[in-house]
Amino acid sequence: MTSVDDILQTVPEPAGADISVGAVDYDQDGTPLEGILAKDTAIGEPRPAVLVIHDWFGVNEHMEARVTMLARLGYVAFAADIYGKGVRPGPEEAGQLAGSFYGDLPLMRARARAGLDRLLADPDVDPSKVAVMGYCFGGSTSLELARSGAPLAGAISFHGGLITHEPADVSDIDAKLLVLTGAADPMVTDDKVSAWQDEMRTDPSIDWEVVSYSGAMHAFAVPGTDSPEHGAQYQERADRRSWRAMEDFFAELFDEEPAAS
């Protein structure tokens, strides 16, 4: 079974790089939060940055691996903490905790914005080139942050729940949006994808794209997930292809050369 260490090895550390990865304390309206910051300290100038938002298990080794991979690509990457410092639920509690934020979208957005503000405060970040991405719960949160009008160049959802709003809540979206979803995800059905697209169509100026991966269930990009009976399973092909889609998306956002084939 593919592990977090396995995916970490898919992005080798560049020659001459000095990758720093460490915990960072910050807060949101007095609530202590703890994220993970990763960057190549050998790069001596401001650069594009990526905010990464966790799934319903909170900031963990998967998030540390993803920000490390992004730092190896040359970005400043920060894994934001939506739940609170030390709040790392197990399988029995995670759904309920995530559900409390789905039921309080203003708080979800505020916690994500606190992470963005902490990332923007880093002196190595080019504030004009910042994006957000997230997995499952984090994908939903990333799109909500974009809806808030936060200063983002782009937002990516990896197998995130596609929240729709009635009436449509799209007027503040300035970021380009990329939704990477599983075609066999019972939690993000075709009807939900269609409803989300219909909401985006209410404003033709929004730049959005949806990519659907055949046979991919929920959490297709989270190593170690193996619960097909619950509609969630890691799929190496979809993980690999979605990561490449992310790289190409960032290259366009940040006016970089696309990754080599």
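Residues numbered from 1 in each chain as written. Predicted model: local features only at pLDDT ≥ 70, side-chain atom pairs only at ≥ 80, totals over all residues. Heavy atoms only, no water.

A. Up close: helix α5 (residues 137-147). Counting buried residues along α5, 11 of its 11 residues qualify, which places the element largely inside the surrounding structure. F137, G138, G139, S140, T141, S142, L143, E144, L145, A146 and R147 are the residues of α5 that are buried. Positive backbone phi, at 85 degrees, marks G149, one or two positions downstream of α5. (Buried < 20%, exposed > 50% of the residue type's maximum accessible area, 1.4 Å probe, protein only. Helix = DSSP H or I, 4+ residues; strand = E, 2+ residues; numbered from the N terminus.)

B. Expanded view of the packing of helix α2 (residues 61-72) against helix α7 (residues 236-253). Contact geometry of α2 with α7 gives a least axis separation of 13 Å together with a crossing angle of 45 degrees. By the angle class used here, α2 and α7 are oblique. Helix-helix and strand crossings are classified by hand; for α2 and α7 the assignment is right-handed. On α7, the residues that touch R66, M69 and L70 of α2 are D239, W243, M246 and F250. (Axes fitted to C-alpha atoms, helices over the stretch in contact; angles between N-to-C directions. Parallel < 35°, antiparallel > 145°, perpendicular 65-115°, else oblique. Left-handed = near helix turned anticlockwise from the far one by under 90°. Contact = heavy atoms within 4.5 Å.)

C. Quick peek at the packing of aromatic side chains. Counted according to the given criterion, the structure contains 13 aromatic pairs. Note on F249 and F250: the rings are 6.3 Å apart at their centroids and 40 degrees apart in plane angle, and the pair reads as tilted. F250 shares its class with F249; the two are buried. The structure contains a cluster of three or more aromatic residues connected by ring pairs, namely Y75, F249, F250 and F254. (Phe/Tyr/Trp six-rings, centres within 6.5 Å; stacked < 30°, edge-to-face > 60°.)

D. Seen up close, α7. Spanning 18 residues, α7 covers 26 Å between terminal C-alpha atoms, matching the ideal 26 Å at 1.5 Å per step. Turning to α7, its buried residues number three or more, namely A238, D239, S242, W243, M246, E247, F249, F250, A251 and L253. (Expected span 1.5 Å × (residues − 1).)

E. Region of the structure containing the nonpolar core. Within the largest apolar cluster, 42 residues are counted, with the highest numbers of intra-cluster contacts made by L51, L119, L145, L152 and L177. At 6 residues, the largest contribution of residues to this core is made by helix α4 (residues 105-120). Apart from residues lying up to four places away in sequence, L145 is in contact with L51, R109, A112, R113, L116, V132, A150 and L152. Core analysis: the second largest hydrophobic core is formed by 40 residues, V50, M69, M133 and Y213 among them. (Core = buried A, V, L, I, M, F, W, Y, C linked by side-chain atoms within 4.5 Å.)

F. Just a negative patch on the surface, in detail. On the surface, D5, D6, E61 and E64 cluster together into a patch of negative charge. Of all the secondary structure elements, the ones that give two or more residues to the negative patch are α1 (4-8) and α2. Tracing the backbone shows E64 in helix α2. (Patch = residues over 30% accessible without salt bridge, like charges linked within 9 Å, V, L, I, M, F, W, Y side chains within 5 Å. Areas by Shrake-Rupley, 256 points an atom, 1.4 Å probe, with all protein chains shown as cover. Salt bridge = Lys/Arg side-chain N within 4 Å of Asp/Glu carboxyl O. Lys, Arg positive; Asp, Glu negative; His and termini not counted. Charge placed at Lys NZ, Arg CZ, Asp CG, Glu CD.)

G. Main features of the environment of R109. Tracing the sequence through the fold places R109 in helix α4. Expressed as a C-alpha distance, the spacing of R109 and L145, which sit 36 residues apart in the sequence, is 5.4 Å. Discounting chain neighbours no more than four positions away, the residues touching R109 are E144, L145, R147, S148, H165 and D169.

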